[in-house]
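Summary of the model geometry
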Amino acid sequence: MLAATGLTKEYRRRGEVFNAVDGVDLTVAKGEIVSIVGRSGSGKSTLLNMLAGLLRPTAGAVRFDGQDILGWRDAEISRWRNTKIGYMPQGQSLLANLNVLDNVRLPFFLARRDGEITEKASARLAQVGIAHLAANFPAELSGGEARRVALARALINAPELLIADEPTGDLDLATTNEIMKLFAQIAGDGTAVLLVTHEAEAVISPTGARIYEMAGGKLAGRD
Amino acid sequence: MAEKQLTSWRLAGENLRRQPLRVVCLTAVAAILAGALFGGAIFTTGIQTGLDVLAARFGADLMVVPAGNAQKAEAVLLGGEPNYFYFNGDIGRKIAQVPGVSRVSPQFFLTSLSAECCDLPVQLIAFEPETDFVVKPWLAALPAQGLRDGQIAVGCDILARENRTVKLFGREYPVAAQIGKTATGLDRSVLMNMNTIRTMIDHAHQEKLHFLADDEPAGAISAVMVRLDGDRSPATVAREIRRENPNVEVVVAQGVVRQIGQALRRLKGQVFAVLVALWVVAATVLTAVYSGSVNERKKEFSVLRLLGATRAKVAGIVLSEAFLTALIGGLIGVVLAALAVFPFSTYIGDRLQLPYIPPAAAYIFGMALFSLALVAVAGLLAAAYAAYKIGRAETYLTMRAGE
Ligand SMILES: Nc1ncnc2c1ncn2[C@@H]1O[C@H](COP(=O)(O)OP(=O)(O)OP(=O)(O)O)[C@@H](O)[C@H]1O
Ligand SMILES: [Mg+2]
């Protein structure tokens, strides 16, 4: 489904050129869980941004169902990201001005669509276990609750691929475990999951995940 | 019931609702811009209208008055202090002889006692119906014979009593007509014919009142209104009149109108300069605020992009916010300006010695819409640079920890 080849991002820092992501090859198939583990600064977020078509790579290609997404115009790639990709960004990413329900509904309205979404949004909130928080605002949520909202939001348009950037970054072990279970469930429903975690979290990657290790921009399989 | 959609407008609205301080600042700027534009335009247009009315109403080409009284005479016309001054009635006949003069008509000025009809003394103006060519057009609404003996006509600022009379020197006089607003001294004047004022003075004598005019033997008058036949310039005729009558002074109507015209142009220039300065400063401030807020809201915009919003959509939200704040601020500004201009403009006009007549409702309405539109466009333009930055930036999209 998703296939990246030779993906490279070059950055310049104080005149010094370095590759934040360096020749990464990666494929994610339907219903599969892929987990990337790496230390801070190893290039994980940069890689995910390029895979989602948000960041233009210096070299390499990203294909989705065989199509080169880098050749698409902004409208096409935005539409694709909106419908096929669910993205859970790193850190707190809820819009503070909208309540939980509206945060979850938001992606539905970012592209032209017919139909209703509120019931589906409520169902997603129930799926991640926070139906009772629908009317709350992000400032009133715990870190774990906020992550669940971000997850429900990423799932609202029934994406084919869920990309999650350190979804359990600063959560305790028990909460991390619960969220990992959700990912396993989602993958079980047929949605591919691409997961990025810190080394510390690696131990609790969902079972059945294909695990990669990232260091210095390079990706290596771990067996 | 349809569910509540999350349109760009709604997102913009929620963002504004939760940023009260920013909204207050931005609407304040928009309010100042719209208010200054609207208020300035209404005020200067009102004075322009006043000047047009004045030029049209000023039926005489020249006004001849006793030497040393030209300023007082202008005050009578333009609405300064009520005044009186006299010379001999013979002077009218002499002026009629001067080449270039086609018609002359004497007028007689008096001031009422204060607190009789009005808060302040009012200007009494008597004209000679047989020769008059100045007052008649103002009284066009009256039947053919015009003002009859004993009747008066009053300016728009003079309030008649309930029985439509005005009390002058202890007696009531019926009001036959009220003259529309002229923004000149006429608004606070009482008009009547010579017979009426003579009777009025006789009555006053019975009350043991004495007048300056009593000293002029052969019928005192205050001014001779002169119409020219058009062959010779007003200045030339005025010089001629002064040469033959050493103790008179001549007010040239064109001169008065021209003076006010110049004052108006100066005022317009000042208003324009203030407006330009305001708009330049505000445009800079708005542009800075909007593009500054893009940096501050980088994260919010990158989240929207991550969720599949196009660049155009994100820019649309920013522009919607700008448009909404400009519109709300603009409305507030127009309303405040209206509250400032409408009650006080006549007073300000008086202080500046400029005639002010409120412009037509259609003009006021149109100007309000125009001010709003211009402020909205300014808001959009100021935010356009911010929107452009959002569309162009790639780097801000990378969401990294600690940002
Ligand atoms: N726009 C940029 N300009 C220059 N350097 C950048 C830029 N974005 C990222 N980098 C650098 O690229 C490297 C990879 O960054 P990235 O955010 O992908 O790391 P990460 O693996 O996600 O780290 P973390 O676990 O802390 O989120 C880092 O050294 C970072 O400083
Ligand atoms: Mg990262």
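The preceding data block contains the structure.
In this report, the structure presented in the accompanying data block is examined.

Each value, and the rule that gives it
Residues numbered from 1 in each chain as written. Chains lettered and ligands numbered in written order. Predicted model: local features only at pLDDT ≥ 70, side-chain atom pairs only at ≥ 80, totals over all residues. Heavy atoms only, no water. Helix = DSSP H or I, 4+ residues; strand = E, 2+ residues; numbered from the N terminus. Rg over C-alpha atoms; globule rule 2.2 N^0.38 Å. Buried < 20%, exposed > 50% of the residue type's maximum accessible area, 1.4 Å probe, protein only. Contact = heavy atoms within 4.5 Å. Lys, Arg positive; Asp, Glu negative; His and termini not counted. Charge placed at Lys NZ, Arg CZ, Asp CG, Glu CD. Donors = N, O, S within 2.8 Å, 3.2 Å for Na, K, Ca; no water. Near = heavy atom within 4 Å. Polar contact = N/O pair within 3.5 Å; in protein donor to acceptor, adjacent residues only side chain to side chain. Areas by Shrake-Rupley, 256 points an atom, 1.4 Å probe, with all protein chains shown as cover. Nonpolar A, V, L, I, M, F, W, Y, C, P; charged D, E, K, R; others polar.

Before going further, it helps to examine the overall build of chain B. Across its full length, chain B holds 10 helices and 11 strands. Computed over the C-alpha atoms, the radius of gyration of chain B is 31 Å, more than 25% above the 22 Å expected from 2.2 N^0.38 for a compact globule of 403 residues. In terms of principal-axis extent, the alpha carbons of chain B reach across some 105 × 50 × 35 Å. Relative to its full complement of 403 residues, chain B shows a buried share of 51%. In chain B, 79% of the contacts between residues at least 6 apart in sequence involve partners at least 24 apart. Taken as two groups, the 39 positive and 33 negative side-chain charges of chain B have centres that lie 13 Å from each other.

Our focus in this paragraph is the coordination of the magnesium ion (ligand 2). Residue and element names in this part refer to chain A. All of the protein donors around the magnesium ion (ligand 2) are S45 (OG) and Q90 (OE1); their distances to the metal are 1.9 to 2.2 Å. Residue S45 is found in helix α1 (residues 44–51), and its partner Q90 is found in the loop between β6 (85–88) and α3 (100–109); the two are separated by 45 residues along the sequence. Residue classification places S45 among the buried residues on the basis of a relative accessible area of 8%.

Right, let's talk about the site of ligand 1 for a bit. Around ligand 1 there are 16 residues in total, and S40, K44, T46, Q90 and E166 of chain A lie nearest to it. More than one chain reaches ligand 1: its neighbouring residues belong to chains A and B. Within the contact set of ligand 1, an oxygen atom lies 2.8 Å away from a side-chain nitrogen or oxygen of S45 of chain A. Note that an oxygen atom of ligand 1 is positioned 2.5 Å from one of the side-chain N or O atoms of T46 of chain A. Here ligand 1 loses 84% of its free accessible area of 640 Å² to cover by the protein chains. Elements with a contribution of two residues or more to the shell around ligand 1: β1 (2–13), β2 (16–28) and α1 of chain A. Grouping the amino acids of the shell around ligand 1 by side-chain chemistry returns three nonpolar, eight polar and five charged.

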